[in-house]
Amino acid sequence: MKLEIKPAKPFSLELEGLPADKSLSHRALIFALLGEKPCFVENFLQGADCLSTLNIVKTLGLKVQKQGANRLKLTPPKKFLHFNEPTKPLNCNNSGTSMRLFSGLLSSSQHLQNHYILVGDKSLSQRPMGRVIKPLEQMGAKIHARAQNFAPLSVLNSPLKGLDYASPIASAQVKSALLLAALQAKDPLNFSEPHLSRDHSERALLALGAPIKITS
């Protein structure tokens with residue numbers, strides 16, 4: 001059998017009505033907390049996991065206003081990087097992305113010493129969190145977990161230092177958690193992984209003006 005493959009002819013295409021993306025929706029909400037001006041998000045995924053993140057960012061002080069059918073205006077707290085200290089646990093329900101990314105975001109602060117409790121449902125409480133907790137602790141994070149690996153997580157935010165970290169696994173969640181922690185750390189984070197995981201966080205943070213340098 002002989003197969004001949006010819007180059008495709010050039011074409012242009014414009015797509016509309018693409019389905020919403022869960023990873024991007026999580027990050028849009030969390031990264032909006034870090035800004036000084038409102039962010040506008042379209043095509044936000046109204047799924048259970050993303051709604052868990054939505055409820056948490058609102059508790060932390062993000063003002064969420066719905067504009068039109070599926071457009072959100074996200075206004076960060078008036079004081080830059082000053083999050084509310086909640087009076088009850090932050091419920092991630094079944095969202096591992098929420099728990100891992102918030103563990104990074106809330107572990108670091110140059111301004112506050114707030115206490116946060118991250119909880120989840122029965123399924124999430126059986127998923128390992130050590131892959132995120134261990135490098136965060138190397139940066140100086142104060143995180144207590146059940147059996148040092150499982151939710152609920154108790155997070156006391158504090159000043160963090162930088163870290164040279166070679167991740168044993170390629171994980172967008174681990175990478176994103178460390179990036180969020182490093183944004184308020186005293187020294188740079190140098191992160192590497194065996195192969196490139198999803199890079200939503202790096203692209204979004206770069207677009208927002210974060211000092212991130214990516215090398216191959």
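The structure we're discussing is the one just above.
Residues numbered from 1 in each chain as written. Predicted model: local features only at pLDDT ≥ 70, side-chain atom pairs only at ≥ 80, totals over all residues. Heavy atoms only, no water.

J.: I'd love a proper account of the sheet that holds strand S4 (residues 90–91), names of residues and values included.
T.: Sheet strands pair via backbone hydrogen bonds, and the direction of the pair is either parallel or antiparallel. Here we have 4 strands laid out as an open sheet, ordered S4-S5-S7-S6, and mixed in their pairing. The outermost strands of the open sheet, each flanked by one partner alone, are S4 and strand S6 (142–146). (Pairing = 2+ DSSP bridges. Helix = DSSP H or I, 4+ residues; strand = E, 2+ residues; numbered from the N terminus.)

J.: Please give an account of the sheet that holds strand S1 (residues 39–42) that cites residues and values.
T.: Here 3 strands make up an open sheet; going across it, the order is S1-S3-S2 and the pairing antiparallel. Looking at the sheet topology across the chains shown, the edges are occupied by S1 and strand S2 (63–66). Each adjacent strand pair in this sheet contributes to an overall mean axis angle of 25°, direction not counted. Relative to strand S3 (residues 71–75), S2 is paired through 4 bridges, and the arrangement is antiparallel. Among the inter-strand pairings, Val-64 is bridged to a residue of S3, identified as Leu-74. (Axes fitted to C-alpha atoms, helices over the stretch in contact; angles between N-to-C directions.)

J.: Before we move on, could you go through the side chain of Ser-201 and cite the residues and values that matter?
T.: Secondary-structure assignment places Ser-201 in helix H6 (residues 200–207). Taking relative accessible area as the criterion, Ser-201 reaches 2% and is therefore assigned buried. Contacts of Ser-201, omitting those with residues within four sequence positions, involve Arg-27, Phe-31, Ser-176 and Leu-179. (Buried < 20%, exposed > 50% of the residue type's maximum accessible area, 1.4 Å probe, protein only. Contact = heavy atoms within 4.5 Å.)

J.: Before we move on, could you go through the pairing of strand S7 (residues 150–156) and cite the residues and values that matter?
T.: Pairing analysis gives 4 bridges linking strand S5 (residues 115–119) to S7, with the strands arranged antiparallel. Pairing of Tyr-116 across the sheet is with Val-155, part of S7.

J.: Account for the environment of Ala-181, with residues named and values stated.
T.: Mapped onto the elements, Ala-181 comes out in helix H5 (residues 172–182). Judged by its relative accessible area of 0%, Ala-181 falls in the buried class. Note: C-alpha distance between Ala-181 and Gly-120 (61 residues apart in sequence) is 21 Å. Apart from residues no more than four positions distant in its own chain, Ala-181 is found in contact with Gly-104, Ser-107, Ser-108, Leu-136, Met-139 and Leu-160.

J.: Explain the environment of Thr-75 to me, using residue names and the numbers behind them.
T.: When you line up the elements, Thr-75 lands in strand S3. C-alpha separation for the pair Thr-75 and Glu-36, spaced 39 residues apart in sequence, amounts to 8.2 Å. Not counting residues within four places of it along the chain, the set of residues in contact with Thr-75 comprises Pro-38, Gly-61, Leu-62, Lys-63 and Gln-65.

J.: Describe the packing of helix H3 (residues 96–107) against H5, listing the residues and the values that go with them.
T.: A pair of packed helices is characterised by two quantities: the angle between their axes and the separation of those axes. In the contact formed by H3 and H5, the axes pass within 6 Å of each other and the chain directions differ by 25°. As the angle between them shows, H3 and H5 are arranged roughly parallel. The element H3 and its partner H5 pack so that their crossing is right-handed. Side by side, H3 and H5 meet where Gly-96, Thr-97, Arg-100, Leu-101, Gly-104, Leu-105 and Ser-107 of the first sit next to Gln-173, Ser-176, Ala-177, Leu-180 and Ala-181 of the second. Taken together, the residues that form the contact of H3 with H5 break down as 5 nonpolar, 6 polar and 1 charged. (Parallel < 35°, antiparallel > 145°, perpendicular 65-115°, else oblique. Left-handed = near helix turned anticlockwise from the far one by under 90°. Nonpolar A, V, L, I, M, F, W, Y, C, P; charged D, E, K, R; others polar.)

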